[in-house]
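One-letter residues, chain by chain:
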Amino acid sequence: MVAIMGLLMLAGAIITYTILYKPATSAITNKQISVFLFISIIGRILVLLLIYIMILRMAKLRKKTEAELLDAKNIADTANKAKTNFLATMSHEIRTPMHDIIGNVSLMMETILDEEQKKYAMGIHRSSMSLLAVVNDLIDFSHIETGKIPLENTPFVLRDCLNEVFSVNGASFHESKVDYYIDDNLPVLIECDPIRLRQILMSIIGDSVKHNDHADIELHVRLQSEDGDILCIEFVIEQAAASVLTARTNGSLSVDKDPNGKKNILFGVSSLRFSIAARLVSLMGGNIKMINETEKGNIVTFSIKAKKIDGKSSEKYFNQRKKIEWLDNEMAGKIPLKILAVDDHEMNQVLLVQILAKMGYSCKTARNGAEAVGLAIEEKFDIIFMDIRMPVMDGVDATKRIREYYINTDTPLIIGVTANALLHEKKRGFDAGMNDFLIKPYKPIDVQNMLEKWTALVFKLKYEL
């Protein structure tokens, strides 16, 4: 609009110049020329005034639009915060009783049971872990929406990772034959996120078995390419049956063909678990697709990027690694520790005390952060298991108080214990001075591994060994 007004003014100036300086203009009186010039100037002033008014209106409209966008952003931020708080609360409320169930069943399975009792205990444990997987999927889905799915790269044995996948799900694969094969060219030890890799495999294979119980499934793990110490590893899941995942999408599928003429169905939006798996694959530097073969069945392939561990680091890893599959009943005699267990939930506290008792430890307890601070000041503990959400004083504030009291002298190790798996909960704990975290529901062996992990530091600080 401003450009149009400018063009009109330019046209007016040209017309005025043409009229005034034409040969016939000499017949026009000075009075007529003055009147014409006055009208021309007034017209241009009016045009400029109109342009100014339009600019003001545009500026006002822009400010109004910016204010509306800001309000919309604030509303969206408030909604996201409310959703995050809701997920945190639901995660805590669901995980807390699940922790009691899984923990007590795990302890029961270490006692002497007959075959029928073992069968029932395994059924409870398997169903509890399945429910936990659903809760974890919901948390991960919220992370996907915000683009904040964490990856923790650590060295691990690839074959051990696969064994864990099948050992956890083995009981649910009772009507399916599932085998896996690893390329000999792959190194034994790699570095990426083993937890996320297990999650991807369990999502895809678990969905496959769930929707086709009688399928014969094969997993082939191959070295696709190698660039320096970066490996591209391909995972191929082949199914004998042809009715898996193809019709379970709520969005459109993009279809193309490979050089051999096979139809490749690239997954867009699909089931919750598969959507999360696809996102994780992308974050790990790979891609995922499904080849639908009516006669032979379905083939799901995905790749990830991993780091190859050099020989020296690999040797160090295997020398330090200690695989523990059961509780050490004599651990307290080997590694004497003074432990404080803090939890407002009675069953959770009893469970932790029972787990520590299995290892020979007799620990003191507190029901809230204020009690924990009082005990920590009265006595010097080596390790404190600190629940996060508690009445009177929560675990974060209690940790701050304990750190302020001890400063750097004889300060205990503080392990945060929480049923909230969201990232901001961990950040709050670490910022307050917590050393590590146990996420409910944890297994008894997780407690022992946590003690094993921090024992060296405890004794170094205490005895300067």
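Preceding block: the structure.
Since the structure is predicted, the reported quantities are computational estimates derived from the model, not experimental observations.

Visitor: Hey, could you go over the nonpolar core for me, with residue numbers and the actual values?
Guide: With 37 residues, the main nonpolar core has Leu197, Leu219, Val221, Ile233, Phe235 and Phe302 as its most contacted residues. Of the residues forming this core, the biggest block, six residues, is contributed by helix α6 (residues 272-283). When residues no more than four places from it in sequence are discounted, the contact partners of leucine 197 are Phe156, Leu158, Cys161, Phe235, Met284, Phe302 and Ile304. Of all hydrophobic cores here, the second largest spans 27 residues; its members include Leu107, Tyr361, Ile383 and Phe385.

Visitor: How would you sum up the state of the cysteines? Please name residues and give values.
Guide: By definition, a disulfide links the sulfur atoms of two cysteine residues through a covalent bond. Applying the stated criterion to the full structure yields zero disulfides. Among the cysteines around cysteine 192, which has no disulfide bond, cysteine 161 carries the closest sulfur, lying 7.6 Å off. On the basis of relative accessibility, which here comes to 2%, the residue cysteine 192 falls in the buried class.

Visitor: Which residues make up the pairing of strand β4 (residues 216-227), and what values go with them?
Guide: When β4 meets strand β5 (residues 230-239), the two strands line up antiparallel, connected through 10 bridges. Each residue of the ladder has a partner; that of isoleucine 217, found in β5, is glutamine 239. Counting the residues that bridge the hairpin from β4 to β5 gives two residues, and of these glycine 228 lies at a positive phi of roughly 70°.

Visitor: How would you sum up a nonpolar patch on the surface? Please name residues and give values.
Guide: Nonpolar side chains collect at one region of the surface, where Phe38, Ile39, Ile41, Ile42, Ile45, Leu46, Leu49, Tyr52, Ile53 and Leu56 lie side by side and expose about 970 Å² of accessible area between them. Along the chain, leucine 46 turns up in helix α2 (residues 30-109). Looking at leucine 46, the relative accessible area reads 53%, which means it is exposed.

Visitor: Help me get a handle on helix α11 (residues 395-406), residues and values and all.
Guide: Taking 1.5 Å per residue as the helical rise, α11 with its 12 residues ought to reach 16 Å, and the 16 Å between its terminal C-alpha atoms agrees with that figure. Of the positions making up α11, those classed as buried are Gly395, Val396, Ala398, Thr399, Ile402, Arg403 and Tyr406. All buried residues of α11 fall inside an arc of 160° around its axis, so they share one side. For α11, the N-terminal cap is aspartate 394; the gap from its side-chain oxygen to the backbone nitrogen of valine 396 is 3.3 Å. Where α11 terminates, the next one or two residues include isoleucine 407, which has phi positive at roughly 55°.

Thresholds, definitions, all that
Residues numbered from 1 in each chain as written. Predicted model: local features only at pLDDT ≥ 70, side-chain atom pairs only at ≥ 80, totals over all residues. Heavy atoms only, no water. Core = buried A, V, L, I, M, F, W, Y, C linked by side-chain atoms within 4.5 Å. Buried < 20%, exposed > 50% of the residue type's maximum accessible area, 1.4 Å probe, protein only. Helix = DSSP H or I, 4+ residues; strand = E, 2+ residues; numbered from the N terminus. Contact = heavy atoms within 4.5 Å. Disulfide = S-S within 2.5 Å. Pairing = 2+ DSSP bridges. Patch = residues over 30% accessible without salt bridge, like charges linked within 9 Å, V, L, I, M, F, W, Y side chains within 5 Å. Areas by Shrake-Rupley, 256 points an atom, 1.4 Å probe, with all protein chains shown as cover. Salt bridge = Lys/Arg side-chain N within 4 Å of Asp/Glu carboxyl O. Expected span 1.5 Å × (residues − 1). Arc of directions from axis to C-beta. Polar contact = N/O pair within 3.5 Å; in protein donor to acceptor, adjacent residues only side chain to side chain.

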